[in-house]
Amino acid sequence: MSNVTTRTIHKRLKTLRTHVGYAENVFLYSHESDVIMVDYQDRVTEYEVKVSRSDYNADFKKTEKHMKFKTLHDVSDIPNEFYYVCPDGMITEDQIPEYAGLIYARGTYLVQIKRASPLHNEKMPSEFWKELYLKMMAKKKL
């Protein structure tokens, strides 16, 4: 593996120019999200950052979250897309759920290994924008 840390992955994600909203470690849905990004079309992507194999395996103990991603019954409680982000090679494409994408932190770059399947196409509701904005401001260091 590598010396990639959760913090370095968060910093790399933050530099992506694909979003207008970005928040770390927030409860926007009924589960905590490591990173949430909202793009220019008000679509939400969630990034689950994993730097150890045991942490990745423990994620599947959150059965309610993964069941929502699989069944899609309440799209207001899940993002449009879901990705795992990990050090290069820590997780392989065949080890992630069908609905998830995979991104490797490789050197100083993020490399998309598998594109996430869209979970739904609904835009983020306006009340979520306000909630996300307030959470981003609360975490911002002044």
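Just so you know, these numbers come straight off a predicted model, no measurement behind them.

Chemist: Could you give an account of the pattern of salt bridges, naming the residues involved and the relevant values?
Modeler: This structure, assessed with the given rule, holds 13 salt bridges. In this structure, K65 engages D59 in a salt bridge whose closest nitrogen and oxygen atoms are separated by 3.3 Å. Classification of K65 by relative accessible area gives buried; the value is 4%. Put simply, E48, K50, D55, D59, K62 and K65 are held in one network by salt bridges that share partners.

Chemist: Residues and numbers for the sheet that holds strand β4 (residues 81-87), please.
Modeler: Taken together, 6 strands build an open sheet; the order of strands is β1-β2-β3-β4-β5-β6 and the sheet is mixed. The sheet is open, and its two borders are formed by β1 (21-26) and β6 (109-114), each paired with just one other strand. Sheet twist, expressed as the average angle between the axes of neighbouring strands with direction ignored, equals 25°. The sheet contact formed by β1 and strand β2 (residues 33-38) spans 5 bridges and is antiparallel. Pairing of E24 across the sheet is with V35, part of β2. In the packing of helix α1 (residues 6-14) onto the sheet, the strands contacted are β1, β2, β3 (44-49), β4, β5 (100-106) and β6, and the crossing angle to β1 comes to about 160°.

Chemist: Outline the nonpolar core, supporting the account with residue identities and numerical values.
Modeler: Note that soluble globular proteins tend to have their nonpolar side chains buried in a common cluster. If you look at the biggest cluster of nonpolar residues, it comprises 14 residues, and the most contacted ones within it are F82, Y84, I91, I96 and L102. Of all elements in the fold, only β4 and β5 reach the threshold of two or more residues within this core. Leaving out residues up to four positions away in the same chain, F82 has contacts with E46, E48, K65, F69, Y99, A100, G101, A116 and L119. The next biggest cluster of nonpolar side chains, apart from the first, holds 13 residues, and it includes I9, L13, Y47 and V49.

Definitions and limits used
- Residues numbered from 1 in each chain as written.
- Predicted model: local features only at pLDDT ≥ 70, side-chain atom pairs only at ≥ 80, totals over all residues.
- Heavy atoms only, no water.
- Salt bridge = Lys/Arg side-chain N within 4 Å of Asp/Glu carboxyl O.
- Buried < 20%, exposed > 50% of the residue type's maximum accessible area, 1.4 Å probe, protein only.
- Pairing = 2+ DSSP bridges.
- Helix = DSSP H or I, 4+ residues; strand = E, 2+ residues; numbered from the N terminus.
- Axes fitted to C-alpha atoms, helices over the stretch in contact; angles between N-to-C directions.
- Contact = heavy atoms within 4.5 Å.
- Core = buried A, V, L, I, M, F, W, Y, C linked by side-chain atoms within 4.5 Å.

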